[in-house]
Amino acid sequence: GDNGWGNGELQYYREENASVEDGLLIIEATKHDPMLNINDNQVSYSSSKLISEDKVEFKYGRVDIRAVVAKGQGIWSTGWMLGLPGQDEDGNDIAWPYRGEIDIFDTIGGTRGGVPQEGMIVNNMYWNGNGADPSTVYSPSNINNNDASAYRINNSNEGTTFSNKFHTFSLIWDEDNVEFLLDGEQTQIIDISDGALAETYNNPFYLILNVAIGGDWPGSPDETTTYPDGMLVDYVRVYQADTNGDGNADYEPGDSELNRFPN
């Protein structure tokens, strides 16, 4: 973790906290007492972050992530995407939010402001409001202003929640829209056909899965948080259309229009 990743997070990401058992990917968040010494840093919390950059990158398609998220106050699970890194004309790295971000699901455990959170997810997108060109004025924009993109399956931490039952979090993305689904039902759809959104989201992205601890959004863990806890992932599936049957995904030169029902 590099200074909390800009969010005030507490965890140190390491390979040891990711494993596969009984066909499930486990991303484990835990507390260390006594603290771990890692590269001369004293680490109280550890977790893991998996990225597909340089392994699986794609433009348009459908993503399905079937998972049970981590439970507990201050625990933050997410499946999300970032635009590919690059450089501007002066050789400077293109930073967030110019590259774009799509949060297929964001969840936090426990309560926030006294409101239960285990039955809530957020679908979110971040981009630079003045355009994807890094020479434009920095103006972070998102679709979750005032919790506009929060979706609840219930209003309590009891019954069916995202931390006690598998759910499938999905994204369908083409040149016109980014559509979010939960268990096959649309939660929202965002028009990306014009302006800064088109500049940002008509480019390849890669996938990320992680469990964070603490941070500005979930707040810090407390005495009710139990360790270890984590996110269980049954599968991550990425589909792309091949409407002309040439063995390549659409939107390569010469390919036809995207089929919204991917092969």
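Higher on the page you've got the structure.
Quick summary incoming for the structure in this document. (Residues numbered from 1 in each chain as written. Predicted model: local features only at pLDDT ≥ 70, side-chain atom pairs only at ≥ 80, totals over all residues. Heavy atoms only, no water.)

**A word on the overall build of the protein chain**
The following threshold applies: Secondary structure follows DSSP: runs of H or I at least 4 residues long count as helices, runs of E at least 2 residues long count as strands, and numbering of each begins at the N terminus. Three exposure classes are used, based on accessible area relative to the maximum for each residue type with a 1.4 Å probe and protein chains only: buried under 20%, partly exposed in between, and exposed over 50%. Should any heavy atoms of two residues lie within 4.5 Å, those residues are counted as being in contact. Residue exposure ignores everything except the shown protein chains as possible cover, and the areas themselves are Shrake-Rupley values with a 1.4 Å probe.
Along its length, the protein chain carries one helix and 19 strands. Here the protein chain, with 263 residues, has 45% of them falling under the buried criterion. Restricting the contact set of the protein chain to residue pairs at least 6 apart, pairs at least 24 apart contribute 67%. Summed over all atoms, the accessible surface of the protein chain reaches about 12,900 Å², with 44% contributed by carbon and sulfur.

**Focus on the pairing of strand β15 (residues 167–173)**
Selection rule: Strands are treated as partners if at least two bridges between them are detected by DSSP.
The buried fraction of β15 is high, at seven of seven residues. Where burial is concerned, the two faces of β15 agree: the one with H167, F169, L171 and W173 and the one with T168, S170 and I172 are both buried. Where β15 lies against strand β16 (residues 177–182), five bridges are found, and the strand directions are antiparallel. Note that in β16 the partner of S170 across the bridge is L181. Taking the residues between adjacent antiparallel strands as the criterion, β15 and β16 are bridged by three residues.

**With respect to the layout of surface pockets**
Here is the rule: The way it works is a 1 Å grid over only the protein atoms, where trapped points that fit a 1.4 Å probe form a cavity and open points with protein on both sides within 12 Å along at least five of seven lines form a pocket, and then any residue with an atom within 4 Å of a point lines it. Grid points are joined across faces, edges and corners, and a volume is the space filled by probe spheres set on the points. When residues are grouped by polarity, Ala, Val, Leu, Ile, Met, Phe, Trp, Tyr, Cys and Pro land in nonpolar, Asp, Glu, Lys and Arg in charged, and all others, Gly among them, in polar.
In this structure, the largest pocket spans a volume of roughly 780 Å³. Along its surface, the largest pocket is lined by 30 residues, and W5, N7, W76, W80 and E101 are the ones closest to its centre. Residue assignment for the lining of the largest pocket shows that the elements contributing at least two residues are β1 (11–13), β5 (49–51), β8 (75–83), β9 (101–108), β12 (120–128) and β18 (205–213). Counting residues per element, the lining of the largest pocket draws most heavily on β8, at four residues. Approximately 150 Å³ is the volume attributed to the second largest pocket. Around the second largest pocket sit G83, L84, I94, Y98, R99, A132, P134, E199, T200, N203 and P204, which together line it. Of the residues assigned to the lining of the second largest pocket, the class counts are six nonpolar, three polar and two charged.

**Focus on the side chain of T168**
Positionally, T168 belongs in strand β15. Apart from residues lying up to four places away in sequence, T168 is in contact with D64, I65, R66, L181, L182, D183 and Y235.

**Details of the packing of aromatic side chains**
Filter applied, for reference: Within 6.5 Å between ring centres, the rings of Phe, Tyr and Trp (the latter by its six-membered ring) count as paired, and their orientation is classed by plane angle as stacked under 30 degrees, edge-to-face over 60, tilted in between.
Across all of its chains, the model carries 10 aromatic pairs by this definition. Taking the centre distance of 5.6 Å and the plane angle of 65° together, the rings of Y60 and W173 count as edge-to-face. Of the two residues, Y60 sits in the loop between β6 (57–58) and β7 (61–68) while W173 sits in strand β15, which places them 113 residues apart along the sequence. Residue class for Y60 comes out buried when judged on its relative accessible area of 3%.

**Describing the side chain of N17**
Our working definition: Pairs of N or O atoms within 3.5 Å make up the polar contacts considered here, provided that, within protein, one atom can donate a hydrogen while the other can accept it, and that residues adjacent in sequence are counted only when both atoms are side-chain atoms.
Relative to the helices and strands, N17 is located in the loop between β1 and β2 (18–21). At 3.0 Å, the side chain of N17 forms a polar contact with the side chain of S46. Setting aside chain neighbours within four positions, we find N17 in contact with I26, I27, E28, T30, S46, S47 and S48.

**Things to note about a nonpolar patch on the surface**
What counts here: Candidates for patches are residues over 30% relative accessible area with no salt bridge; among them, like charges are joined within 9 Å and nonpolar side chains (Val, Leu, Ile, Met, Phe, Trp, Tyr) within 5 Å. Note on definitions: salt bridges are taken to be side-chain nitrogens of Lys or Arg within 4 Å of carboxyl oxygens of Asp or Glu.
Taken together, the side chains of V56, V236 and V238 present a nonpolar region at the surface, about 190 Å² in accessible area. For V236, the position within the fold is in strand β19 (residues 229–239). When its relative accessible area of 37% is taken as the criterion, V236 is described as partly exposed.

**Some points on the pairing of β16**
Burial within β16 is extensive, with five of its six residues counted as buried. Relative to strand β17 (residues 185–191), β16 runs antiparallel, the two sharing six bridges. In the sheet register, N177 faces β17, and the bridge partner there is D191. Hairpin connection, β16 to β17: the antiparallel pair is bridged by two residues, and D183 has positive phi, about 50°.

**Observations concerning a negative patch on the surface**
Definition in use: A positive count includes Lys and Arg, and a negative count includes Asp and Glu. His and the chain ends are not counted in either. Charge placement uses NZ in Lys and CZ in Arg. For Asp and Glu, CG and CD serve respectively.
On the surface, a cluster of negative charge is made up of E89, D90, D133 and E199. Counting through the fold element by element, D90 comes out in the loop between β8 and β9. Residue D90 is classed as exposed on the basis of its relative accessible area of 67%.

**What to know about the nonpolar core**
Condition: Within this scheme, the nonpolar core is defined by two criteria: the residues are buried Ala, Val, Leu, Ile, Met, Phe, Trp, Tyr or Cys, and they are joined through side-chain atoms within 4.5 Å.
Judged by nonpolar contacts, the single largest core of 39 residues is most densely connected at M125 and W173. Sort the elements by how many residues they give to this core and β18 lands first, with five residues. The next biggest cluster of nonpolar side chains, apart from the first, holds six residues, and it includes I108, M120, V122 and A212.

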